Amino acid sequence: MTPLVRSVRSADTLTRDALAVLQPGFTGTTAPDWLLRRLGEGLVSVGLFGRNVADPAQLAALTGRLRAEREELIVAIDEEGGDVTRLEVRGGSSFPGNHALGAVDDTALTRAVAHELGRRLADCGINLNWAPSADVNSNPGNPVIGVRSFGADPQLVARHTAAYVEGLQSAGVAACTKHFPGHGDTAVDSHHDLPRIATDLPILQERELVPFRAAVAAGTRAVMSAHILLPALDGEHPATLSPAALHGLLRAPATEGGLGFDGMIVTDGMEMQAISATYGIERGSVLALAAGADAICVGGGLADEDIVLRLRDALVRAVRDGELPEQRLADAAARVRALAGRTRNADVGEGAAPAPGIGLTAARRALRLTAAGPYAPLAEPAYVAAFTPLANIAVGDETPWGVAAELARLLPGTETATCTAEAAAAAGTAALVDGLLTAAAGRRLVAVVRDVHRHPWMADALSTLLAARPDTAVVEMGVPQAPPQGALHLATHGAARVCAQAAAEALTDQRLSPDE
C-alpha cells in the first residue's frame, strides 16, 4: 500500500502546484463559487479587470471574500493609471500615465503618484499591480505602448521606473515591472500578432534593459514577460517562452550579463494572439513554465473555470510526460506562494499621507502649451471635434477620453462630435470637415487628437480643419510626436481624466480644485 499512498500524495501536490502558478480572471463583481472552491484546492492568485470593479466599497468586499477563503492570496490588477485603468475604467483615471510623468521628469512626483495609487489599491485589498511599464518608447509608431512609456530616453525611463516601483511598494502593493525585455521597439500589437524585433544584443543591453535593471535594483517583486520575438536572443521562441530570455537573461547574474532577478516572473496574458494563435494556450503555458516563468496570467479574455482546469491539467500532464520538470513547477509554485505570504505582511512606508489631488497636480505639470500667436481663452460654449482612433486592447474602449466632458463642466453648453477613420473614409475628408464646421455654427473649435503622427486620416482631417478655421485649438492626448499645430496646441501626454481636466483649465484659464 505504501507506493499507492505516495502516488496519491504526489498527485495531490502536483495538482496544487499546477493551480498555484495560475493567475486567472473571472466575470462579475462577486466571487463565483468555482473560484472560491479552487482557492481551497491550491489556487494562490486571482487577476481583476474592469469588469470586476464597480466602486471601492464593492472591490474591498470582493477581495475580503476571496481572502476569507485563502488568507495568503495574491490579488492582482492592471492599474497603470493614465490610459490603462481598471479602478476607474468607466470614468477615466485620477492619475496621469507614465508619459506625463516622464514629461515632468520629477522622480519625487512619480514616487508620490505611485504611492497614492498604491494606497488606493491596498485599501481595496489589491496587493499586486501589473505595473509599471518599463518599455523605452524607441519606436514612436508603436501601436500598443505609446503613452504607457515614460519616454524614449533609457535613462529617463530607468529613473522613473525605479521611482514608481519604490512608491508603489511603499504602499504595500507589489510592483510587476513589464514588458521584459522591452516592448517599445515593436510595430505590431502582441494582442493581435507576434511582434518581431530586429534589435541586436548590444542595443538591447544599452537601451531596453536599462529600465529593467533599475527596477530590479529598486526591488521590484515581480517582472512580466513580453510576447515578442527577439532573434538576437532566441530565434525560435518569444521571450515569454524563451529559456534564454527568462532563465538566462533575466535570472542570470550581472557578472554573466544578466539582471540577477530572483523574484516572481509573470507572463503577459496567454490568450493574446502572439501566443494563443501560434502555440495554443495549454502548450504555451507549459513552455513558459519550462522557460522560467513562475505565474501564468490568463483571464483577460478567457475567464471561467474551464480555462483554469484546462491549464491545470495541461501542466500536470506535462510533468507526467516528462515535458516539464516537476522541480521547475515546484520552484515556480514556491515563488508564487512566497510572494503571497510577503504581500500579506507587507511593510508599508511611514509618513506618506493620502494625497487625493496628486494626480491632477501631476497632469497640470505635464501639460505643454505652444501658441502660434495671442490666444484668447475660451469664454463661451465651444465645439469639440474628437478625432478618435481605434482603442488598443490594453486600453479598451470602455474608458472615456477627450476634453469635451471637462470643458462642458467649465463652459456649459459645449458640444462634441466624434470623428473616426471609418467616417472619414465613408464621407471623405472634405465632407467630414464641412459637417463639423456646419455643426459648430461659428463657435470656437477645439480639435482633440490622439497620436496624430500614427494616423494619416487624422492628420489629413486636422490639416483640412485648420485650413478652414486657423483659430482652432488642438489638444494632442497621445505621444506628441507631430509638430504642434493650431492657434493653441496643448500636449497632455496622455488621455487620463486628469489630463483632460488640465487641458480644460488651460483652454479656459479657469482652475479646478484638486478634489474635483
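The structure reproduced in this document is the subject of the present report. (Residues numbered from 1 in each chain as written. Predicted model: local features only at pLDDT ≥ 70, side-chain atom pairs only at ≥ 80, totals over all residues. Heavy atoms only, no water.)

## Here's the deal with the environment of Ala-274
As a reminder, the rule being used: Runs of E in the DSSP output that reach at least two residues are strands. Runs of H or I that reach at least four are helices, and both are numbered from the N terminus.
Mapped onto the elements, Ala-274 comes out in helix H9 (residues 273-276). Distance in space between the C-alpha atoms of Ala-274 and Leu-241 is 11 Å, their sequence separation being 33 residues.

## Some details on the packing of helix H2 (residues 33-41) against helix H11 (residues 305-320)
Test applied: Helix axes use the C-alpha atoms of the stretch in contact, all axes being lines fitted to C-alpha atoms, and the angles between their N-to-C directions lie in the range 0 to 180 degrees. Angle categories are assigned with fixed cut-offs, so that under 35 degrees is roughly parallel, over 145 is roughly antiparallel, 65 to 115 is roughly perpendicular, and the rest are oblique. Crossing chirality is assigned from the near helix's rotation relative to the far helix, an anticlockwise turn below a right angle marking it left-handed and a clockwise turn marking it right-handed. It only takes one pair of heavy atoms within 4.5 Å for two residues to be counted as in contact.
Contact pair H2 / H11: the axes reach a minimum separation of 10 Å and the direction vectors enclose 25°. Compared by their axis directions, H2 and H11 come out roughly parallel. Classified by chirality, the crossing of H11 by H2 is left-handed. Packed against H2, whose contacting residues are Trp-34, Arg-37, Arg-38 and Glu-41, the element H11 presents Glu-305, Val-308, Leu-309 and Arg-312 at the interface.

## Let's talk about the packing of helix H6 (residues 154-170) against helix H7 (residues 201-217)
Note the threshold: By the convention adopted, Pro, Cys, Tyr, Trp, Phe, Met, Ile, Leu, Val and Ala count as nonpolar, Lys, Arg, Asp and Glu as charged, and the other residues, Gly among them, as polar.
Where H6 meets H7, the closest approach of the two axes is 8 Å, and the angle between their N-to-C directions is 20°. Comparing the axis directions of H6 and H7 gives the class roughly parallel. Crossing angle aside, the handedness with which H6 passes H7 is right-handed. Contacts between H6 and H7 pair Pro-154, Gln-155, Val-157, Ala-158, Thr-161, Ala-162 and Val-165 from the former with Glu-206, Arg-207, Val-210, Pro-211, Ala-214 and Ala-215 from the latter. Each residue belonging to the contact of H6 with H7 can be placed in one class, and the counts come to nine nonpolar, two polar and two charged.

## Section: the sheet that holds strand E4 (residues 128-129)
Selection criterion: DSSP calls a pair of strands paired once it identifies at least 2 bridges connecting them.
Taken together, the six strands give an open sheet; going across it, the order is E2-E3-E4-E5-E6-E7, and neighbouring strands pair in parallel fashion. Every other strand in the sheet has two partners, leaving strand E2 (45-48) and strand E7 (264-266) as the edge strands with one partner each. Where E4 lies against strand E5 (residues 174-180), two bridges are found, and the strand directions are parallel. Residue pairing in the sheet places Asn-129 in a bridge with Ala-175 of E5. Running at roughly 165° to E2, helix H3 (residues 56-69) makes contact with E2 and strand E3 (74-77) of the sheet.

## Considering helix H17 (residues 456-468)
Worth spelling out the cut-off: The span you would expect from a helix comes to 1.5 Å times its residue count less one. Buried means the residue's accessible area, taken with a 1.4 Å probe over protein chains only, is under 20% of the maximum for its type, while exposed means over 50%, and partly exposed covers the values in between. What the arc covers is the set of directions going from the helix axis to the C-beta atoms.
With 13 residues, H17 extends 19 Å from end C-alpha to end C-alpha; this agrees with the ideal 18 Å at 1.5 Å per step. All of the buried residues along H17 are Trp-457, Met-458, Ala-461, Leu-462, Leu-465 and Leu-466. Projected down its long axis, H17 shows its buried positions confined to an angular sector of 160°, all on one face. H17 presents Pro-456 and Ala-467 as exposed residues on the side facing more than 90 degrees away from its buried surface.

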